[in-house]
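The lines below spell out each chain.
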Amino acid sequence: AVADVNKDNFVSLLEENKITCAKAAFYKTVSNDIAQGAAFDYDMVVFFSPEGIKSLKKNYPEFEQGEVLIAALGAKTAKAVEEAGWRLDISAPNPQTPSITAAIDLFFKENKVNKK
């Protein structure tokens with residue numbers, strides 16, 4: 001069971017070890033359509049996959065990052081943020097912050113950002 005957008009690592013590993021398997025997508029990654037003209041009123045956007053970046057571009061084609069913080073989970077997602085031309089403020093995992101929540105928390109502490 002996999003997402004429709006996946007790396008096929010597990011299927012390849014099984015096939016390399018001569019284990020018969022069938023691949024089935026158990027959930028589909030889709031972009032939510034946001035009402036045209038809806039205000040973008042967020043201080044931070046956290047991306048968990050490159051698909052999220054595609055969704056933001058689709059729903060807000062004129063998006064300019066400005067002061068909006070951008071966080072990304074995983075190397076491919078971080079790379080997609082940078083390829084979009086945006087500033088990556090927070091990323092995980094890394095040795096200091098193994099989760100995105102730990103990375104955001106550390107960012108707030110280091111930058112003395114008040115959480116409300």
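Let me begin by describing the structure that accompanies this report. Bear in mind the structure is a predicted one, so any value in this text is a computation, not a measurement. (Residues numbered from 1 in each chain as written. Predicted model: local features only at pLDDT ≥ 70, side-chain atom pairs only at ≥ 80, totals over all residues. Heavy atoms only, no water.)

1. Structural notes on the overall build of the protein
So, step 1. Secondary structure summary: the protein contains 4 helices and 5 strands in total.
So, step 2. Each of the 116 residues in the protein was classed as buried or not, and the buried ones make up 27%.
So, step 3. A separation of at least 24 residues holds for 45% of the contacts in the protein among residues at least 6 apart in sequence.
So, step 4. By element, 53% of the accessible surface of the protein is carried by carbon and sulfur atoms, the whole surface being about 8600 Å². (Helix = DSSP H or I, 4+ residues; strand = E, 2+ residues; numbered from the N terminus. Buried < 20%, exposed > 50% of the residue type's maximum accessible area, 1.4 Å probe, protein only. Contact = heavy atoms within 4.5 Å. Areas by Shrake-Rupley, 256 points an atom, 1.4 Å probe, with all protein chains shown as cover.)

2. Here we look at the pairing of strand β4 (residues 69-73)
So, step 1. Most of β4 sits inside the fold, with 4 of its 5 residues counted as buried.
So, step 2. Bridge count between strand β3 (residues 44-47) and β4: 4 bridges; the pairing is parallel. When the sheet's bridge partners are listed, Val46 is paired in β4 with Ala71.
So, step 3. Crossover β3 to β4 through helix α2 (residues 50-59) is right-handed.
So, step 4. Bridge count between β4 and strand β5 (residues 90-92): 3 bridges; the pairing is parallel. Its bridge partner being in β5, Leu73 is matched across the sheet by Ala92. (Pairing = 2+ DSSP bridges. Right-handed = clockwise from strand over helix to strand, strands pointing away.)

3. Focus: the packing of aromatic side chains
So, step 1. Counted under the stated rule, the structure contains 6 aromatic pairs.
So, step 2. Centre to centre, the rings of Phe63 and Trp86 are 5.1 Å apart; their planes meet at 80 degrees, and the pair counts as edge-to-face. Separated by 23 residues along the polypeptide, Phe63 in the loop between α2 and β4 and Trp86 in the loop between α3 (75-83) and β5 bring together distant segments of the chain.
So, step 3. We classify Trp86 as buried; its relative accessible area is 11%. (Phe/Tyr/Trp six-rings, centres within 6.5 Å; stacked < 30°, edge-to-face > 60°.)

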